Structures are given as C-alpha cells and as structure tokens.
Amino acid sequence: RRRHQRSVGEIMPMERDDSHGSCQPLLSSRSEGGNVLQGAGALTAEQERVLAEARAILVAKLATLRNRKEASLAETSDILRDTCQDLSDLATVLQQAWHKAHPKEPAPTWDVETVPEEELAKIGWDFHANRVQMEKPGGEGGSVWQALGTFLRGDLSGNFTKPPSAPQVAEAFTHTVTRLGGSPVPCH
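Residues numbered from 1 in each chain as written. Predicted model: local features only at pLDDT ≥ 70, side-chain atom pairs only at ≥ 80, totals over all residues. Heavy atoms only, no water.

Draft legend 1. Focus on the nonpolar core. Ranked by size, the top nonpolar core spans 31 residues in total, and within it L65, L87, L90, V112, L120 and F173 carry the most contacts. Of all the elements in the fold, those that place two or more residues in this core are α1 (36-67), α2 (73-101), α3 (111-121) and α5 (166-179). Filtering out sequence-adjacent residues up to four positions away, V112 remains in contact with V50, L51, A54, L87, L90, A91, L94 and L180. (Core = buried A, V, L, I, M, F, W, Y, C linked by side-chain atoms within 4.5 Å. Buried < 20%, exposed > 50% of the residue type's maximum accessible area, 1.4 Å probe, protein only. Helix = DSSP H or I, 4+ residues; strand = E, 2+ residues; numbered from the N terminus. Contact = heavy atoms within 4.5 Å.)

Draft legend 2. Representation of the packing of aromatic side chains in the model. Enumeration over the complete set of coordinates arrives at one aromatic pair. Ring geometry for W98 against W110: centres 6.3 Å apart, planes inclined by 70 degrees, an arrangement best described as edge-to-face. With W98 in helix α2 and W110 in the loop between α2 and α3, this pair connects stretches of sequence that are 12 residues apart. One exposure class covers both W98 and W110, and it is buried. (Phe/Tyr/Trp six-rings, centres within 6.5 Å; stacked < 30°, edge-to-face > 60°.)

Draft legend 3. Region of interest: the side chain of T76. Note that T76 resides in helix α2. Taking relative accessible area as the criterion, T76 reaches 0% and is therefore assigned buried. Sequence-distant contacts of T76, that is, excluding residues within four places in its chain, are made with L65, A71, P164, S165, A166 and V169.

Draft legend 4. Here's a closer look at α5. Compared with the 20 Å implied by 1.5 Å per residue over 14 residues, the 20 Å span of α5 between its first and last C-alpha is a close match. What α5 keeps buried is the set A166, V169, A170, A172, F173, T174, T176 and V177. Following α5 by one or two positions, G181 adopts a phi angle in the positive range, close to 95 degrees. (Expected span 1.5 Å × (residues − 1).)

This is the structure we're talking about:
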C-alpha cells in the first residue's frame, strides 16, 4: 500500500497496479452515496464550521470568566463542565459526519477534542471524565497497597487534584482558541 495526497488535505490509500506500474485508489471515485471527493469536501467544510463554533464557545466562556471578579472554584468548574460538554457535542457532530461519508472506516481524532484535552490536562482537568484529574494511587510511585488502604478508609477526596482557578482556566481556554486556529485572545 502506498499513500497519495488528495487536494482536500486527506490521505487516500493507494494500491499498486503491477500490470501498468501505476497506482489506483483503493476507493473508487464513486460510491453509493455519491462522489467520495464531494463527501470529503463536505466533511472538510463541516470540520471548519465546527472549529469556528468551538472557538466562539471558548471566547464566550472566556468573557464569562473575566466578567466575574472572583469566580469560585465551583463556578469555574461549572464553566469547565459546560465547555467540555459543548466541545464533546461538536466532536460527536464530526464523528457522525465522518461515519456518513466513510461508513466502514474508523474515524480520526478531532482537534476540537484533542486540543482542549491537552490544554486542560495541563491544569488538572480531565476533558473526557469532565472533572478534576485523579491522582496516582499513593502519589508518585504509590503502591497498590497504599491505594487499597485509602479506599478502605473511605477517604477518596485525596485521590483528586485541586480544581483549577479561573485564571488557570482562562489561560487554558486562550491557548486552546489559538491552537484551534483562532486569533490570539487578549489576556484582559
């Protein structure tokens, strides 16, 4: 198998046709649903729309954070939960569009999900669990016995990191918007 770069920015698998020494696409140029390249164009357009919507959500949440003089950790966590849910919903839209265009292929990862996941992990927030991250059992290098002891004592609160502050969240949102292709967001 060889790969050939398509004009829409996606890689199309290629198969060598030994009789002619050329490469033929593994996928035909037409499918039951229509032209594959048209489907790829529609998917690219949907991805751009979703990224623009994600940037708009993040900028709006940033404004909310900045308009509150001193947001509590609970308020900040609520904003994080709402934002993560909104971004996950957008990723679901892309998943559905992908499966419609490529029903038998596994979907790729989407920037609308991976970028915030990476940025929020830096401040101790688990994007997919939509809560603060769990600490490793017993701290760094902790043993299974330490984790079991903590569990049996019923003190599970020590297993989570401290919720991030509003300034930490604002910085993570700013980095996320920039990485998603938006203009840098002013800090104040």
